[in-house]
Amino acid sequence: MKQYQSNGKKLLHVEYDEQPDVGDFIDGMHIISTNMKGQDLALFLQENSGQVGVYVLDEIYIIGRVFGFENLIEAVNAWMNNEI
């Protein structure tokens, strides 16, 4: 389990070949699922409020970020339907 921090635009202090995975934490939120689509990696995060958020990464850069999904299924559906 690794702890990652971001500045809102990219992950900090991370090597380019390193990818966050299920069980790790980003900005204090637990990664509960991941999915690759092309070169983009979606990280599904459990927020402190219990809702689910999504970070979309290209390497270490955050190219998309959406929060406030009621559950993981809703977040995954938005990702698969290109709504994120």
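Placed above this text is the structure.
A short tour of the structure in this document, coming up. Since this is a predicted model, take the numbers as computed values, not measurements.

Here we look at the pairing of strand β6 (residues 52-58)
1) Next: Burial within β6 is extensive, with six of its seven residues counted as buried.
2) Next: With six bridges joining them, strand β5 (residues 40-46) and β6 adopt antiparallel strand pairing. Directly across from Q46, in β6, lies its bridge partner V52.
3) Next: The turn joining β5 and β6, which pair antiparallel and follow one another in sequence, is formed by five residues; a positive phi near 95° is taken by G50.
4) Next: Alignment of β6 against strand β7 (residues 61-69), held across six bridges, turns out to be antiparallel.

Some words on the pattern of salt bridges
1) Next: Overall, the coordinates contain one salt bridge when judged by the stated rule.
2) Next: With a closest N to O distance of 3.4 Å, E18 and K2 form a salt bridge. Separated by 16 residues along the polypeptide, E18 in the loop between β2 (11-12) and β3 (25-26) and K2 in the segment before β1 (3-6) bring together distant segments of the chain.
3) Next: Owing to a relative accessible area of 22%, E18 belongs among the partly exposed residues under this scheme.

Let's talk about unusual backbone geometry
1) Next: Of note, H13 is a non-glycine position whose phi angle comes to about 55°, a positive value.
2) Next: Tracing the backbone shows H13 in the loop between β2 and β3.
3) Next: In this structure, D27 is a non-glycine residue whose phi angle is positive, near 50°.
4) Next: Relative to the elements of secondary structure, D27 occurs in the loop between β3 and β4 (29-37).
5) Next: Judged by its relative accessible area of 27%, D27 is partly exposed.

Concerning the sheet that holds β4
1) Next: Here seven strands make up an open sheet; going across it, the order is β2-β1-β3-β4-β5-β6-β7 and the pairing mixed. Both edges of this open sheet fall to β2 and β7, since each of them pairs with a single strand only.
2) Next: Here seven bridges tie β4 to β5, and the two strands are oriented antiparallel to one another. Across the sheet, residue H30 finds its bridge partner in β5, namely Q46.

Each value, and the rule that gives it
Residues numbered from 1 in each chain as written. Predicted model: local features only at pLDDT ≥ 70, side-chain atom pairs only at ≥ 80, totals over all residues. Heavy atoms only, no water. Buried < 20%, exposed > 50% of the residue type's maximum accessible area, 1.4 Å probe, protein only. Helix = DSSP H or I, 4+ residues; strand = E, 2+ residues; numbered from the N terminus. Pairing = 2+ DSSP bridges. Salt bridge = Lys/Arg side-chain N within 4 Å of Asp/Glu carboxyl O.

Function cannot be read off these values alone, since they describe shape.
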